[in-house]
Amino acid sequence: MDFRRWVQTFCLVVFIVLLVTVLSGVKTSFNVDFFLTLDPSIVLITSVSSRTFLFGYLPAVVVVILGLLLGRFFCGYICPMGTTLDVADSLFGVSHKKQKKLYQLRSIKYLLLVFLIGASLFGVSFVFFASPLSLITRFYGLLIYPIVTFLSERGHQLLAPLLEKLDLNSLLFLQIKSVRYSTQLFILLFFAGLFVLPRLTPRFWCRYICPAGAVMALFSRKPLLRRTVDSKCNDCGKCVRSCSMGAIYENNPALTLHEECITCLSCQRICPEAAVAFTYRLSATQSVSNPSLPSRRRFIISGMTGASVAIAGLTSLTSALGKTGEGRVLPPTLIRPPAALPEMEFLSRCIRCGECMVACPTNTLQPVWFKAGFMGLFSPAMILRRGYCDPDCHRCAQVCPTQAILSVTRNEREWAKTGTAVISRQNCLAWELDQKCMVCDEVCPFGAIELTQEDGISVPVPKVKEDKCSGCGYCEYHCPVQNQSAIIVSPLNAIRLVSGSLKSAGRQLGLRISREQKDVINYPGLDSPDGTAPGFETETPSERDPDHSGSLPPGFLD
Amino acid sequence: MNRRDFLRTQAKGILWLSVGTSNLLLPEWGIAAGVPDIAKVKGAPAAATRAAVELLGGMSQFVKPGNRVVIKPNMSFNRTPEQASNTHPEVVRELAVMCKEAKAGKIFILDHTLGPPKACLERSGIQKACESVDPDMVFSANDDNLYQEKTIPGGKSLNKTQIIKEVLKADVLIAAPVAKSHGSTGVSLSMKGMMGLVWDRWIMHRRDLDVGIVDICSVLKADLTVIDGSRVLSTNGPNGPGKVLNENTIIASRDMVAADACAVSSFTWYGRKFKPQQVGHIREAHQRRLGRMDIENLQITSLSI
């Protein structure tokens, strides 16, 4: 293994270790989202679409500035996507000698970048379709991680009888639960495509499509460290065939397209005449005009296309643009993570990397398909039937690289109201079937369920106290009604702020969210001597079925 | 149940009791003659727990050397001990210590938490309290792989359920609930608490909950019940926070139903007194002879320490 392979392996391992840190919830002072902030396309597009530059974006700036010195070293050495594609290349690719000559495709990445910029000018971020770090984080986090947990769960099950026999109880009760995510199909197909494309040329993605590569290419046209070829070169063309980026001119191997070169040094290694060297040069001796830069006309067209698609998104029926009020059609079941920014700001920042979903300990955070419109594709939403949202947990915000979820203090956390629970009485066991249940009250951490009595119903029935509900979904998760819960959190009265105190915003709305203070129970009949308390029966219990008085058959009057 | 049935049951109860005290039919009661049906001790949680079990003849009456023991406390909620949603950690710890003294082979403290398992085990204080006894003892079972199907002979609402495997393997089952109110079943004591050893609790709510509780208790009959009334969650149970009564009482019995019945009538609920038969599942259990709720006919030894 040469130096580059070592660095690549190291970076991929660090990337995966950070992802494991995210999913295990281990607290660390290190930036777990470090790799995402290295991606210049994420930083460029998100800064423009959200009109904000975060301190956390500096790593990408450093990468770009280093590009002036070292060229596209990031692509060749650090990028986990590049490394993964190299592995895929060695597994599925063809010999580099047989690669197709598709050099005209090189301009796609620039056009794609301009497309994304065009869209971001209107505050719409489509970077999630093309950012290599966002995509690779989803690949490992939302596709590989569930597979690993599934296999571990099965493996643990196989070992269980042995652990039982040996009384290794901590191991027996390890309880590996396989995580589940939606939108697997997209990641699966997307990466299947990426892994097959090296059959045409190696690093197809990096050469032709990657918008982060495009940003770096623009900054590494004349890098300080560059490939030089001396007079020993006899035009054998070996280097041309070995170059995984197609960065060497076919008819003149002495010339290099520096913006395509990832300084992998394979040409230097392979040259039989030892004519190739990577040296520091200040002047632009060998430089040629970039043949892959598209024409100004095509630049403008793709920028305008991006803008048009963004506007199409903004004018879609369920677009969140504008003030709430009459005529707004917002998704009725879309529950964003706690303290998510207001929808437009949220979407302009969210890069759909999936870190929040990987971090979520109850697996409630899921990427959505079209629930939030096509601008909201793959953005995180809570599926509370899958898991409740623990009011002590805010890992999603802690790992978000673009702060699309507001970081709040510990005592503000429970005021991050995500919605309000609504009981569908016709599904409710107590309301509809006269069954003792009250699981919603039992599990509610906020005391937001009121027990009350209704005429004709022999058991206590639940009502939601909207001003105490935080939308955590404990009730929806635990509701024993199959298959849909009889109590469902709707986005009603979710508190979503760009900045400021959630608590004071909630107080202004008249909310009384608290886990420590429950209302004094106000149950009908509690004060009267022959009344009763919830769940208790009167001293001379009558038959539980409400008495259908009158002996006439239905429909007859007396 | 009408009054006639009730009286009939009472009469039968008295009859059975007289048979019982004559040591004709219940030989194990004969071993420890003079042992009360219910022990009720006032005092600090750990000391009162020990005293209550001693009054019943000591832990060695229940746990034989090498036995596998499962203790079922309430540790299902992410609440502190003061909030009385979970069993007092010192009660659980003392029970574990006593089992160890009786040379139990293996002790498990198990529940199927409703909140995040790690947080519940920590915040309830039970994990930490029991760590010094054995660090490999307190677990939450939130994974269906840990459960095994069990048929319920004579079940009225359930004919089968899924129970934690370790419970099925255990020689001794100890119920150690906290005394608390419950929005749909009135109270949650030893019988209601057994739902924490069951996987599919959903189905129990979709059918008749009171009947379901008695069904599962017929296969999860605790050998010893120790009800933690050191704090009683008198309103807003089972989760709370609600009104907490500092009763400093521990109630122990071999009979789950009797222990539950005694707890119902010993404490006030929502500021008033209730009779055991006002709790649906206690009445159902009594009718089905799982145990006895007519505590007025049972021997109760009270002690203050």
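Note that the structure is a prediction, hence the values are computed from the model and not measured.

What counts, and at which threshold
Residues numbered from 1 in each chain as written. Chains lettered and ligands numbered in written order. Predicted model: local features only at pLDDT ≥ 70, side-chain atom pairs only at ≥ 80, totals over all residues. Heavy atoms only, no water. Helix = DSSP H or I, 4+ residues; strand = E, 2+ residues; numbered from the N terminus. Buried < 20%, exposed > 50% of the residue type's maximum accessible area, 1.4 Å probe, protein only. Contact = heavy atoms within 4.5 Å. Areas by Shrake-Rupley, 256 points an atom, 1.4 Å probe, with all protein chains shown as cover. Lys, Arg positive; Asp, Glu negative; His and termini not counted. Charge placed at Lys NZ, Arg CZ, Asp CG, Glu CD. 1 Å grid on protein atoms, 1.4 Å probe; cavity = no way out; pocket = protein on both sides within 12 Å on 5 of 7 lines; lining within 4 Å. Points joined across faces, edges and corners; volume = space filled by probe spheres on them. Axes fitted to C-alpha atoms, helices over the stretch in contact; angles between N-to-C directions. Parallel < 35°, antiparallel > 145°, perpendicular 65-115°, else oblique. Left-handed = near helix turned anticlockwise from the far one by under 90°. Nonpolar A, V, L, I, M, F, W, Y, C, P; charged D, E, K, R; others polar. Salt bridge = Lys/Arg side-chain N within 4 Å of Asp/Glu carboxyl O. Polar contact = N/O pair within 3.5 Å; in protein donor to acceptor, adjacent residues only side chain to side chain. Core = buried A, V, L, I, M, F, W, Y, C linked by side-chain atoms within 4.5 Å. Phe/Tyr/Trp six-rings, centres within 6.5 Å; stacked < 30°, edge-to-face > 60°. Lys NZ or Arg CZ within 6 Å of the ring centre and 35° of its normal. Patch = residues over 30% accessible without salt bridge, like charges linked within 9 Å, V, L, I, M, F, W, Y side chains within 5 Å. Pairing = 2+ DSSP bridges.

Caption draft 1: Inspection of the overall build of chain A at higher detail. Helix and strand content of chain A: 21 helices and 8 strands. Principal axes of the C-alpha set define a box for chain A whose edges measure 110 × 65 × 45 Å. Looking at chain A residue by residue over its 558 residues, the buried ones come to 55%. A separation threshold of at least 6 residues defines the contact pool for chain A, and within that pool the share at least 24 residues apart is 76%. For chain A, the accessible area works out to roughly 25,300 Å², and carbon and sulfur atoms hold 61% of it. Separation between the mean location of the 55 positive side-chain charges and that of the 42 negative ones in chain A comes to 20 Å.

Caption draft 2: Spotlight on the overall build of chain B. A count of helical and extended segments in chain B gives 12 helices and 13 strands. Buried positions account for 65% of the 305 residues belonging to chain B. Sequence-distant contacts, at least 24 apart, represent 72% of the contacts inside chain B between residues at least 6 apart. When the accessible surface of chain B is summed, it comes to about 10,700 Å², and 53% of that surface belongs to carbon and sulfur atoms.

Caption draft 3: Looking closely at empty space enclosed by the protein. All names here are of chain A. Across all of its chains, the model carries 11 cavities of 30 Å³ or more by this definition. Of the voids in this model, the largest cavity is the one considered here, and its volume is about 120 Å³. Cys428, Cys437, Cys440, Pro462 and Cys479 are the residues nearest the centre of the largest cavity, which is lined by 14 residues in total. Mapped onto the lining of the largest cavity, the elements with two or more residues apiece are helix 18 (429–433) and helix 19 (439–443).

Caption draft 4: Representation of the packing of helix 10 (residues 209–219) of chain B against helix 12 (residues 280–287) of chain B. Residue and element names in this part refer to chain B. Helix 12 packs onto helix 10 with a crossing angle of 50° between their chain directions and a minimal axis gap of 8 Å. One finds that helix 10 runs oblique with respect to helix 12. Crossing of helix 10 against helix 12: the hand is right-handed. Between helix 10 and helix 12, the contacting residues are Asp210, Val211, Ile213 and Val214 on the first element and Gly280, His281, Glu284 and Ala285 on the second. Here the residues of the contact of helix 10 with helix 12 are counted per class, giving 4 nonpolar, 2 polar and 2 charged.

Caption draft 5: Summary view of the interface of chain B and chain A. Listed as interface residues are 55 residues of chain B and, on the opposing side, 58 residues of chain A. On the surface where chain B and chain A come into contact, there are 5 salt bridges. In this structure, Asp167 of chain A and Arg68 of chain B form a salt bridge, with 3.1 Å as the shortest nitrogen-oxygen distance. Inspection of the region where chain B meets chain A yields 27 residue pairs in polar contact (both at pLDDT 80 or more). Tallied by class, residues from the side of chain B that touches chain A come to 18 nonpolar, 19 polar and 18 charged.

Caption draft 6: Structural context of the side chain of Ser178 of chain A. All names here are of chain A. In this fold, Ser178 is placed in the loop between helix 8 (169–172) and helix 9 (184–196). In terms of polar contacts, Ser178 uses its side chain to reach the side chain of Glu153, at 3.0 Å. Beyond its immediate sequence surroundings of up to four residues, Ser178 is in contact with Thr149, Phe150, Glu153 and Arg386.

Caption draft 7: Quick look at unusual backbone geometry. In the segment running from Gln482 of chain A into Asn483 of chain A, the intervening peptide bond is cis, with an omega of -15°. In this model, Gly240 of chain B is joined to Pro241 of chain B through a cis peptide bond whose omega is -5°. On the secondary structure map, Pro241 of chain B appears in the loop between strand 10 (224–233) and strand 11 (244–245).

Caption draft 8: Expanded view of the nonpolar core. Core analysis: the biggest nonpolar cluster contains 138 residues, and Met81, Leu133, Phe191, Trp205 and Ile487 of chain A have the highest contact counts within it. Tallying contributions element by element places helix 7 (residues 132–166) of chain A first for this core, with 8 residues. Sequence-distant contacts of Met81 of chain A, defined by excluding residues within four places in its chain, comprise Pro132, Leu135, Ile136, Phe191, Leu194 and Trp205 of chain A. Formed by 66 residues, the second largest nonpolar core is a distinct cluster that contains Ile38, Leu173, Ile282 and Ile295 of chain B.

Caption draft 9: Spotlight on helix 10 of chain B. The buried fraction of helix 10 of chain B amounts to 9 of the 11 residues, a majority that puts the element mostly inside the structure. Check the buried side of helix 10 of chain B and you find it contacts strand 6 (160–164), helix 8 (190–193), helix 9 (202–206), helix 11 (256–266) and helix 12 of chain B.

Caption draft 10: Structural detail: the pattern of salt bridges. All names here are of chain A. The full count for this structure, using the stated rule, is 30 salt bridges over all chains. Between Glu260 and Lys109 there is a salt bridge, and its shortest N-O distance comes to 2.8 Å. One end of the pair, Glu260, is in the loop between helix 12 (238–242) and helix 13 (266–270); the other, Lys109, is in helix 6 (residues 107–120), with 151 residues separating them in the sequence. Classification of Glu260 as buried rests on a relative accessible area of 0%. Taking relative accessible area as the criterion, Lys109 reaches 0% and is therefore assigned buried.

Caption draft 11: Structural view of the packing of aromatic side chains. All names here are of chain A. Applying the stated criterion across every chain yields a total of 33 aromatic pairs over all chains. Relative to Phe374, the ring of Phe126 lies with its centre 6.2 Å away and its plane at 5°, an arrangement referred to as stacked. Taken together, the residues span a long stretch of sequence, with Phe126 in the loop between helix 6 and helix 7 and Phe374 in the loop between strand 3 (365–367) and strand 4 (380–382) at a distance of 248 residues. Here Phe126 falls in the buried class, since its relative accessible area comes to 3%. Over the face of the ring belonging to Trp431 we find Arg425, whose NZ or CZ atom lies 3.8 Å from the ring centre.

Caption draft 12: Region of the structure containing the environment of Ala404 of chain A. Residues and elements named next belong to chain A. Relative to the helices and strands, Ala404 is located in the loop between helix 17 (395–399) and strand 5 (420–423). With relative accessibility at 1%, the residue Ala404 sits in the buried group. Leave out the neighbours within four places in its chain, and Ala404 touches Ala340, Leu341, Phe346, Arg349 and Cys350.

Caption draft 13: Region of interest: the environment of Gly115 of chain B. Tracing the backbone shows Gly115 of chain B in the loop between strand 3 (106–111) and helix 5 (117–123). Exposure remark for Gly115 of chain B: the relative accessible area of 4% places this residue in the buried category. As for Gly115 of chain B and Phe77 of chain B, which are separated by 38 residues in sequence, their C-alpha atoms are 5.5 Å apart. In contact with Gly115 of chain B, other than residues within four places in its own chain, are Tyr388 and Tyr474 of chain A together with Ser76 and Cys120 of chain B.

Caption draft 14: View of a nonpolar patch on the surface. Residues and elements named next belong to chain A. On the surface, Phe53, Phe55, Leu58, Val61, Val62, Ile65, Leu66, Leu68, Leu69, Leu218 and Phe219 cluster together to form a nonpolar patch covering roughly 980 Å² of accessible area. Looking at the nonpolar patch, the elements that each hand over two or more residues are helix 3 (58–70) and helix 11 (211–219). It is helix 3 that contributes the most residues to the nonpolar patch, 7 residues altogether. Tracing the sequence through the fold places Phe55 in the loop between helix 2 (40–50) and helix 3. We classify Phe55 as exposed; its relative accessible area is 71%.

Caption draft 15: Expanded view of the packing of helix 2 of chain A against helix 6 of chain A. Residues and elements named next belong to chain A. Following both chains from N to C, one finds helix 2 and helix 6 inclined at 20°, their axes separated by 8 Å at the closest point. Classified by the interaxial angle, the pair formed by helix 2 and helix 6 is roughly parallel. Seen from above, helix 2 lies across helix 6 with right-handed handedness. When helix 2 is examined against helix 6, the residues Leu44, Ile45, Val48 and Ser49 are found in contact with a partner set consisting of Leu113, Leu116, Ile117 and Ser120.

Caption draft 16: Layout of the pairing of strand 1 (residues 38–42) of chain B. All names here are of chain B. For strand 1 and strand 13 (residues 300–304), the ladder comprises 5 bridges, and the chain directions are parallel. By the bridge assignment for strand 13, Ile38 is matched with Ile300. Pairing of strand 1 with strand 12 (residues 249–253) involves 5 bridges; the strand directions are antiparallel. Note that in strand 12 the partner of Ala39 across the bridge is Ala252.

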